[in-house]
Amino acid sequence: MAMFFRSASLVVRQATALSLAGARRYSTGAPYQYILVEKKGEKQDVGFIQLNRPKALNALCDGLMKEVSQALDAFEEDSQVGAIVITGSEKAFAAGADIKEMQNRTFQECYSGNFLSHWNKVSTVKKPVIAAVNGFALGGGCELAMMCDIIYAGEKAQFGQPEILLGTIPGAGGTQRLTRAVGKSLAMEMVLTGDRVSAQEAKQSGLVSKVFPIDQLVPEAIKCGEKIAAHSKIIVAMGKEAVNAAFELTLTEGNRLEKRLFHSTFATDDRKEGMTAFVEKRKASFQDK
Ligand code: HXC
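Residues numbered from 1 in each chain as written. Predicted model: local features only at pLDDT ≥ 70, side-chain atom pairs only at ≥ 80, totals over all residues. Heavy atoms only, no water.

Colleague: I tried to follow the overall build of the protein on my own but got confused; where do I start?
Modeller: The helix and strand tally for the protein stands at 13 helices and 10 strands. The burial tally for the protein puts 38% of its 289 residues in the buried class. Of the contacts made within the protein by residues no fewer than 6 positions apart, 68% connect residues no fewer than 24 positions apart. As displayed, the protein offers around 16200 Å² of accessible surface, 57% of which is attributable to carbon and sulfur atoms. (Helix = DSSP H or I, 4+ residues; strand = E, 2+ residues; numbered from the N terminus. Buried < 20%, exposed > 50% of the residue type's maximum accessible area, 1.4 Å probe, protein only. Contact = heavy atoms within 4.5 Å. Areas by Shrake-Rupley, 256 points an atom, 1.4 Å probe, with all protein chains shown as cover.)

Here it is, written out as structure tokens:
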């Protein structure tokens, strides 16, 4: 038993050290080579990740994606942060996986090393992630945006899955998430021809929820993040879990899960506070409990 407590306290100490290291990491931003990381919003409650490999149009090399994972881990641990925004530059959100890095890879290396398996991180974080897409979102760039929970686009954004032109196919969820987002015909057309769609077409087909002038895109995405971060974090996480379940479950199973999560909100102080505040005609003050 004493042994258990000793190792448990060691784990807590290590976790605290990691979390402090995380805080330092994004407060200075210094150790990151390929991304810029900071907190935004009036209350500094929006985690902000900017892909920063401008010469390569933010091609998603292994190092960049590992840094994105680290930054997401740090924001997940940060109780101040209620939502996360990922963006790129005005010219490119990301022009895809790094073709130069992939060029000489063999099947054996890809298969044995489970190539690109760590990309999934963006789709597994609990906090809501908003992609703010200006410019090119191609291949892995489009897939990265689709791993996020909400996509906002600048009016000159272009989305595409051009892997077919390189003799390959999307490998980070493109065929699956794009099809669920825009339907079979447009997904097939994009994946099989490599043709891109504009921000306006992406909006029309349901791939993105809003389109903004280029210079307003990031501020609007941060505003959306602030709006989400002002709500109860625990209830937001339940809402995100329930919506994501729609992609995995049958309608009956999904409705059952939703009902259970809905019932669970009644076990929280924040549900009580939200309804009491309405009845008392005041603004709710959520404690994330
Ligand atoms: C590596 C890339 C790159 C990429 C651009 N660059 N995209 N490097 N990987 N995906 C580099 C170019 O080599 C060049 O560097 C610099 O960025 C500028 O690119 P240009 O082509 O000169 O710019 P431009 O003429 O404006 O054309 C922009 C572009 C084009 C249309 C976006 O760069 C392009 O088609 N890129 C490839 C898009 C693509 O096929 N993406 C899918 C990748 S495969 P240098 O130093 O050479 O001048 C993929 C698979 C995902 O994503 C599978 C699972 C993740």
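Structure shown, so let's carry the discussion forward.
Colleague: What exactly am I supposed to notice about the site of the ligand here?
Modeller: Contacts to the ligand come from 25 residues, most closely from Lys-91, Ala-95, Ala-97, Lys-100 and Gly-140. Here Lys-55 contributes a backbone N or O atom positioned 3.3 Å from an oxygen atom of the ligand. With respect to the ligand, the backbone of Ile-99 contributes an N or O atom lying 2.9 Å from a nitrogen atom. Across the complex, the protein chains shield 67% of the 1000 Å² of accessible surface that the ligand would expose by itself. Mapped onto the shell around the ligand, the elements with two or more residues apiece are helix H3 (99-102), strand E6 (136-138) and helix H6 (140-147). Looking at side-chain class alone, the shell around the ligand contains 14 nonpolar, 4 polar and 7 charged residues. (Near = heavy atom within 4 Å. Polar contact = N/O pair within 3.5 Å; in protein donor to acceptor, adjacent residues only side chain to side chain. Nonpolar A, V, L, I, M, F, W, Y, C, P; charged D, E, K, R; others polar.)

Colleague: Please explain helix H8 (residues 184-193) as it appears in this structure.
Modeller: Residue pairs spaced three or four apart in an α-helix point in one direction, given the helix's 3.6 residues per turn. All of the buried residues in H8 are Ala-187, Met-190 and Val-191. The buried residues of H8 occupy one face: seen down the axis, they fall within an arc of 90°. Every exposed residue of H8 that faces more than 90 degrees away from the buried side is listed here: Ser-185 and Leu-192. Residues of H8 that are buried in the fold lie against strand E8 (158-160), helix H7 (174-182) and strand E9 (197-198). Phi turns positive one or two residues past the end of H8, at Gly-194, with a value near 80°. (Arc of directions from axis to C-beta.)

Colleague: What is the right way to look at the sheet that holds E6 in this model?
Modeller: Here we have 4 strands laid out as an open sheet, ordered E4-E6-E8-E9, and mixed in their pairing. Across the chains shown, the open sheet's two edge strands, defined by having one partner strand only, are strand E4 (92-94) and E9. Sheet topology note: the E8/E9 ladder contains 2 bridges and is antiparallel. Counted as the bridge partner of Gln-158 is Ser-198 from E9. (Pairing = 2+ DSSP bridges.)

Colleague: Explain the packing of aromatic side chains here, please?
Modeller: Pairs of aromatic rings are described using the distance from one ring centre to the other and the angle between the two planes. In this structure the tally under the stated criterion is 3 aromatic pairs. Where Phe-107 meets Tyr-111, the ring centres are 5.5 Å apart and the plane angle is 25°; that geometry is what we call stacked. Placement of the pair is Phe-107 and Tyr-111 together in helix H4 (residues 107-112), with a separation of 4 residues, close to one helical turn. Assigned by exposure class, Phe-107 and Tyr-111 land together as exposed. Their ring planes at 80° and their centres at 5.4 Å tell us that Phe-262 and Phe-266 sit as a pair that is edge-to-face. Sitting over the ring of Phe-48, Lys-40 keeps its end group 4.8 Å from the ring centre. (Phe/Tyr/Trp six-rings, centres within 6.5 Å; stacked < 30°, edge-to-face > 60°. Lys NZ or Arg CZ within 6 Å of the ring centre and 35° of its normal.)

Colleague: Can you walk me through a nonpolar patch on the surface in this structure?
Modeller: The grouping of Ile-99, Ile-164, Leu-165, Leu-166, Ile-169, Met-188 and Leu-192 at the surface amounts to a nonpolar patch, some 680 Å² of accessible area in total. Relative to the helices and strands, Met-188 resides in helix H8. (Patch = residues over 30% accessible without salt bridge, like charges linked within 9 Å, V, L, I, M, F, W, Y side chains within 5 Å. Salt bridge = Lys/Arg side-chain N within 4 Å of Asp/Glu carboxyl O.)

Colleague: What should I look at first to understand the pairing of strand E2 (residues 46-51) in this one?
Modeller: Looking along a regular strand, one sees the side chains alternate between the two faces of the sheet. Extensive coverage of E2 is indicated by the burial of 5 of its 6 residues. For strand E1 (residues 35-40) and E2, the ladder comprises 6 bridges, and the chain directions are antiparallel. The residue bridging Glu-38 from the neighbouring strand is Phe-48, located in E2. Connecting E1 to the antiparallel partner E2 that follows it, the hairpin turn spans 5 residues, and Gly-41 within it adopts a positive phi of roughly 95°. Two elements, E2 and strand E3 (residues 83-87), share 5 bridges in a ladder whose sense is parallel. In the strand pairing of E3, Val-46 is matched with Ala-83.

Shape is all these values report; function is a separate question.
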